[in-house]
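A look at the structure
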Amino acid sequence: MKLPAGEIHICILDTRKYEHEIIHFEKLLSGDELSKAGRFRIAKDRISYVICRGSLRSILSEYTGVNPSEIVFSYTSFGKPFIKDSEIKFNLSHSCDYAVIAFSGINEIGVDIERLREMPDAMNIASRYFSEKEILEFSGLKNESINTEFFKCWTKKEAFIKAKGEGLSYPLKNFSVSVGDSRRAEIIEITGNPAEAENWSLYEIEINNEYVSALAVKSLKADLVYRNLHWKFFNKTIVI
Ligand SMILES: CC(C)(COP(=O)(O)OP(=O)(O)OC[C@H]1O[C@@H](n2cnc3c(N)ncnc32)[C@H](O)[C@@H]1OP(=O)(O)O)[C@@H](O)C(=O)NCCC(=O)NCCS
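All values reported here derive from a predicted model rather than from experimental measurement.

Focus on the site of the ligand
By nearness alone, 19 residues border the ligand, and Gly79, Lys80, Ser93, Gly167 and Leu168 come closest of all. Residue assignment for the shell around the ligand shows that the elements contributing at least two residues are helix 3 (43–64), strand 4 (89–95), strand 6 (109–115) and helix 6 (143–164). Split into classes, the residues belonging to the shell around the ligand amount to six nonpolar, eight polar and five charged. The two domains that each donate at least three residues to the shell around the ligand are domain 1 (8–107 + 223–239) and domain 2 (117–217).

Okay, here's the thing in C-alpha cells:
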C-alpha cells in the first residue's frame, strides 16, 4: 500500500477487540519494547501498549515493505519515535480502550485522544495551562459545554506539541487553538512566531461520544476526507 505525500491515514483502534491477539502482537515487538511492556504495573496498560506498538509496526510494514518485527524505531531526545531515513511520519495516542495512530507521507504529524470524563476543576486546570486567549474563550462558554470543550482544547494542544515532537516541555501557554464547538479547529497564534501558525492544520477526529481526538499536521492545507481502507491484520480486517 502506498502512502502518497499529502495523504494522511488514521487508524482508530478499539484495543479490546485485539486483546486475544496479544501473543501475536508481542512477537512483533523489539527487546526494548518488550522490556517497557513488562514495566507497566496495570495489565490493561501493558496490553494496550503491546497492541498499539504491534499495530503500528504492522501498518508501517504495509507502507515500507519491511517485516513488522524488523522495523527499527529511533527516538528524538523528547522520546518521539520515528524511522531513520524514511519520509513516513507517524504518531500515536492511547486513552483507556481506544488508540489513534496517524500516518503521513511526508508532513510532521501529531495526534491525541482522551476519554471524556467528569473534570470538576476543568476551569482551574485551563487557567493554569491554557493561553490567555483560550482562557478568555472558556469564560464565554455555557457551563454544560465546559467539560467537553476542555478535553477538545486539550487534545488539540497535545496534538500540536506532539507534532512538534517536544511533548509537554513545549509551554502550553505559548500558543492558542480554537475553542468552541462552532469553530473550525485551527492554531490561532504561536507566541513569538506569528507566521508559524499559518503552517499548521488542526483537525478534530470523530471517534464516538465517549472520546475526543485531534490531529495536527504541518504544511498541509486540505480538508480531511474520510474513506475506509480495509487491511488484513492477522486473521482480522481492520479499517483505517
Ligand atoms: C508526548 C506526551 C505529550 C504524550 O503524553 P500522553 O498523553 O501521556 O500519551 P499519548 O498516549 O497521547 O502518547 C504517547 C505516545 O506518543 C508518542 N510519543 C512519545 N514521546 C513523544 C513526543 N515527545 N512527541 C510526540 N510523540 C511522542 C509515543 O508513540 C507514545 O506511545 P508509546 O507509549 O507507544 O511509546 C508526553 O509523554 C511527553 O511530554 N513526553 C515528553 C517526555 C520527554 O521530554 N522525555 C525526554 C526524555 S525521553
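A few points about the nonpolar core
Within the largest apolar cluster, 52 residues are counted, with the highest numbers of intra-cluster contacts made by Ile101, Ala102, Phe160, Leu202, Leu215 and Ala216. Per element, the largest residue contribution to this core is eight residues, and it comes from helix 6. Setting aside residues no more than four positions away along its own chain, Leu202 makes contact with Lys156, Ala159, Phe160, Val177, Ala185, Glu186, Ile187, Ala214 and Ala216.

Here we look at the domain arrangement of the protein
Per the domain assignment, the segments of the protein are domain 1 (8–107 + 223–239) and domain 2 (117–217). Relative to domain 2, the C-alpha centre of domain 1 lies at a distance of 25 Å. Counting from both sides, the interface comprises 15 residues of domain 1 and, opposite them, 13 residues of domain 2. No other element matches strand 5 (residues 98–104), which puts four residues into the side of domain 1 that touches domain 2. Class assignment for the residues of the side of domain 1 that touches domain 2 results in eight nonpolar, six polar and one charged.

Calculation notes
Residues numbered from 1 in each chain as written. Predicted model: local features only at pLDDT ≥ 70, side-chain atom pairs only at ≥ 80, totals over all residues. Near = placed C-beta within 6 Å. Helix = DSSP H or I, 4+ residues; strand = E, 2+ residues; numbered from the N terminus. Nonpolar A, V, L, I, M, F, W, Y, C, P; charged D, E, K, R; others polar. Domains from an automatic or database assignment. Core = buried A, V, L, I, M, F, W, Y, C linked by C-beta atoms within 7 Å. Buried ≥ 20, exposed ≤ 12 C-beta atoms within 10 Å, placed from the backbone. Contact = placed C-beta atoms within 7 Å.

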